[in-house]
Amino acid sequence: MTDHPEDDQNKEPPLFDAPSLPEQERMVEAILFASVAPVSVAEMNARMPHGADGALAVVRLRQRYEGRGVRVVPVGEAWAIRTAPDLGYLMSRESTETRKLSRAAIETLAIIAYHQPCTRAEIEEIRGVAVGRGTLDQLLELEWIRVGRRRMTPGRPVTFVVTQEFLDHFGLENARDLPGLKELRAAGLLQSRPLDTSSGEGGDKEADQSDMFKGTDAEEDP
Amino acid sequence: MTDHPEDDQNKEPPLFDAPSLPEQERMVEAILFASVAPVSVAEMNARMPHGADGALAVVRLRQRYEGRGVRVVPVGEAWAIRTAPDLGYLMSRESTETRKLSRAAIETLAIIAYHQPCTRAEIEEIRGVAVGRGTLDQLLELEWIRVGRRRMTPGRPVTFVVTQEFLDHFGLENARDLPGLKELRAAGLLQSRPLDTSSGEGGDKEADQSDMFKGTDAEEDP
Amino acid sequence: MSSRAMAEGPTVSAEVAQRIAAETLIVDVEGFEGPLDLLLTLARSQKVDLRHISILALARQYLEFVEKARAFRIELAADYLVMAAWLAYLKSRLLLPPDPTEDGPSGEELAAQLAFQLERLEAMRDVAARLMARDQKGRDFFVRGVPERLERVRKVTYTASLMDLMQAYARIRTRDEFRPFVMDRDRVMTMEEALERMRGLIGFAGSWTDLASYMPEGWDSDPARRRSATASHFAASLELVKAGKILIRQGETFAPIEIKRRDD
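Everything quoted here is computed from the prediction, not taken from an experiment. (Residues numbered from 1 in each chain as written. Chains lettered and ligands numbered in written order. Predicted model: local features only at pLDDT ≥ 70, side-chain atom pairs only at ≥ 80, totals over all residues. Heavy atoms only, no water.)

Taken together, the contact between chain A and chain B spans 34 residues of the former and 37 residues of the latter. Note on chain A versus chain B: buried area summed over both sides is about 3000 Å², and carbon and sulfur give 54% of it. Considering only the surface of chain A that becomes buried against chain B, Phe33, Arg47 and Arg68 of chain A emerge as the three largest contributors, covering 24% of it. Linking chain A with chain B are five salt bridges. The partner of Arg68 of chain A in a salt bridge is Glu25 of chain B, and the shortest N-O contact between them spans 3.5 Å. For the pair chain A and chain B, the number of links is 14 residue pairs in polar contact (both at pLDDT 80 or more). When residues of the side of chain A that touches chain B are traced back to their parent elements, those giving at least two are helix H1 (21-34), helix H2 (41-47), helix H3 (54-64), strand E3 (78-83) and strand E4 (92-100) of chain A. Counting residues per element, the side of chain A that touches chain B draws most heavily on H1 of chain A, which supplies eight residues. (Contact = heavy atoms within 4.5 Å. Buried area = accessible area lost by both parts, 1.4 Å probe. Salt bridge = Lys/Arg side-chain N within 4 Å of Asp/Glu carboxyl O. Polar contact = N/O pair within 3.5 Å; in protein donor to acceptor, adjacent residues only side chain to side chain. Helix = DSSP H or I, 4+ residues; strand = E, 2+ residues; numbered from the N terminus.)

This is how it looks when you write it as structure tokens:
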């Protein structure tokens, strides 16, 4: 028996002689690697050439793998190769996916941006539908809105305001930079006007909007 | 070679520093052991902590496994662990019964491998007989060939190229390692025409030969 | 030039060997993968390097083979016959002095091309065999028996552009301007409201009274409100008539509608 497992002349042991121990270690290594289930020592011996000692070889192999990325571990009466427990995190891969904000979320965000500070009830009144808790949570999580002061009205509802993060993301210096309805219309974003005969009121409406809700919330103004 | 590569002062690297090289080697070891398909360096890097260099770690790992029962082998742009071929006899119960390929399929595969990218008409010209659809289907199903770019010639025929699975199956590092490729090229046998021995343009031949069929397909070259 | 020299003299024994070979070939003509395959097999019987093969002799071998196949009444596929015709032509080109008026490749060039094709086919067969003799995955070397599943952890980040934001706001405000389907509560009086009012007032209507006088205060100046109130009070009156509480009458078209308590 030799101490040089890699020496080629030892790979061809004389007929009927047991392979060298390093060679047996190689064999067990290959068997454990390729096997779909843990392998018992009996099975190793059955598969290796006559005279090989699987029990000894697998213990040596186990020592060789100590501290490595994979380990030779006993599983009941059998043996298997397993990933080192501290490297389990390598078996998952994070992928980030960028999705467009949902319609509900972007509308809610737009209302807060244009009307801040703004309570949930006010958002619902403007959107005409209930605002799901998830929608606000999502915007809070994105750090595009935050909770502002409570409104001094019955129930003291919380208000929402947009954040610096929001301004950075949308490239705005402050929320007042957002174009008003007139500008939106001029930009073609409000093309579909209804056939409203009372169009004379349009001008007033826009003026109202910029101040909407402000009356109840004077303390927010600087 | 130490059995405890991670036992050094680098075990607790500062935050955001790349892991030590021995630690990276362990990581690549775990990743390759866990995968049946070859893993690209890009994939390794994506899964390892920021700053890790999979390309370097895998080369070190390959050296570590030299002469062992399993080997770290390059497969195209990727890496895989495979059992040493001399131990194949131990794995009889793991071996999968491969469908016997027809002579036509084997020849067609060889022609695609040595002439890729290669059209069906070119395969037929070399074999002097029509290529049955089933032959190509069988090779496509085995994932040994795939459809490459269309040739920019009349009819824009599809070309076939060999795959990573082909390289993996036949233990080839890349398509340039095909047995006898150099000799065939030197003998002018990868061209569509015999070498013009009377013209004495010996110097140009080598350049011409690597371009079998390519003359009509300049845009295939990167 | 060597091909023509070699064409003259295959030895007798070689010729006999060829014949024997050809006869055994006929038996399994089905086994050939086309005429080029057959030619390659015949060429091998010349027992020379393919580079030095006699194309003339090969053409003769092939034509003999085709003749024999016919004699044995073996059906040959069309491409075998096409090849035979081409080889007969090639043979004549090789044997006759070149015709200077004829264009295209010379007989020698055609022969060289054929020899090249045979050599290339043989080369491909050779490397195909070498390829298949390599260690193969799943037969000689093996992959990991228990691969670990790679978990894909998907992290989602959301994004929106300023344009999205403005469009969303515009959408909400535009929706506001489309009010026709929304009931404007402060301009509408429902029949239930009118009925409620009239039930309380009807007790005082002992004589015929104009329905218009029942209009609530403040609902007569705004035309929209007046229309709504008139309609709801008229509908409420009809309900009360139906219930037998009041009488209703109108002198002529567009005359005032009058109501009176019904005293039974």
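Okay, helix H3 (residues 54-64) of chain B next. All names here are of chain B. Residues Gly54, Ala57, Val58, Leu61 and Arg64 constitute the buried set of H3. Viewed along the axis of H3, the buried residues span an arc of 110 degrees, placing them on a single side of the element. The inward-facing, buried residues of H3 abut helix H1 (21-34), helix H2 (41-47), strand E2 (70-75) and strand E3 (78-83). (Buried < 20%, exposed > 50% of the residue type's maximum accessible area, 1.4 Å probe, protein only. Arc of directions from axis to C-beta.)

All right, on to the packing of helix H4 (residues 103-115) of chain A against helix H6 (residues 133-141) of chain A then. Residue and element names in this part refer to chain A. Two elements in contact, H4 and H6, have axes separated by 9 Å at closest approach and are oriented at 70 degrees. The angle between H4 and H6 falls in the class roughly perpendicular. In the crossing of H4 with H6, the sense of the turn from one axis to the other is right-handed. Residues Ala104, Ala105, Thr108, Leu109 and Ile112 of H4 lie in contact with H6, whose contacting residues are Thr135, Leu136, Gln138 and Leu139. Across the contact of H4 with H6, the residue classes tally to six nonpolar, three polar and no charged. (Axes fitted to C-alpha atoms, helices over the stretch in contact; angles between N-to-C directions. Parallel < 35°, antiparallel > 145°, perpendicular 65-115°, else oblique. Left-handed = near helix turned anticlockwise from the far one by under 90°. Nonpolar A, V, L, I, M, F, W, Y, C, P; charged D, E, K, R; others polar.)

Attention now goes to the pairing of strand E3 (residues 246-250) of chain C. Where E3 of chain C meets strand E4 (residues 257-261) of chain C, five bridges bridge the pair, whose relative direction is antiparallel. The residue of E4 of chain C that forms the bridge with Arg249 of chain C is Glu258 of chain C. (Pairing = 2+ DSSP bridges.)

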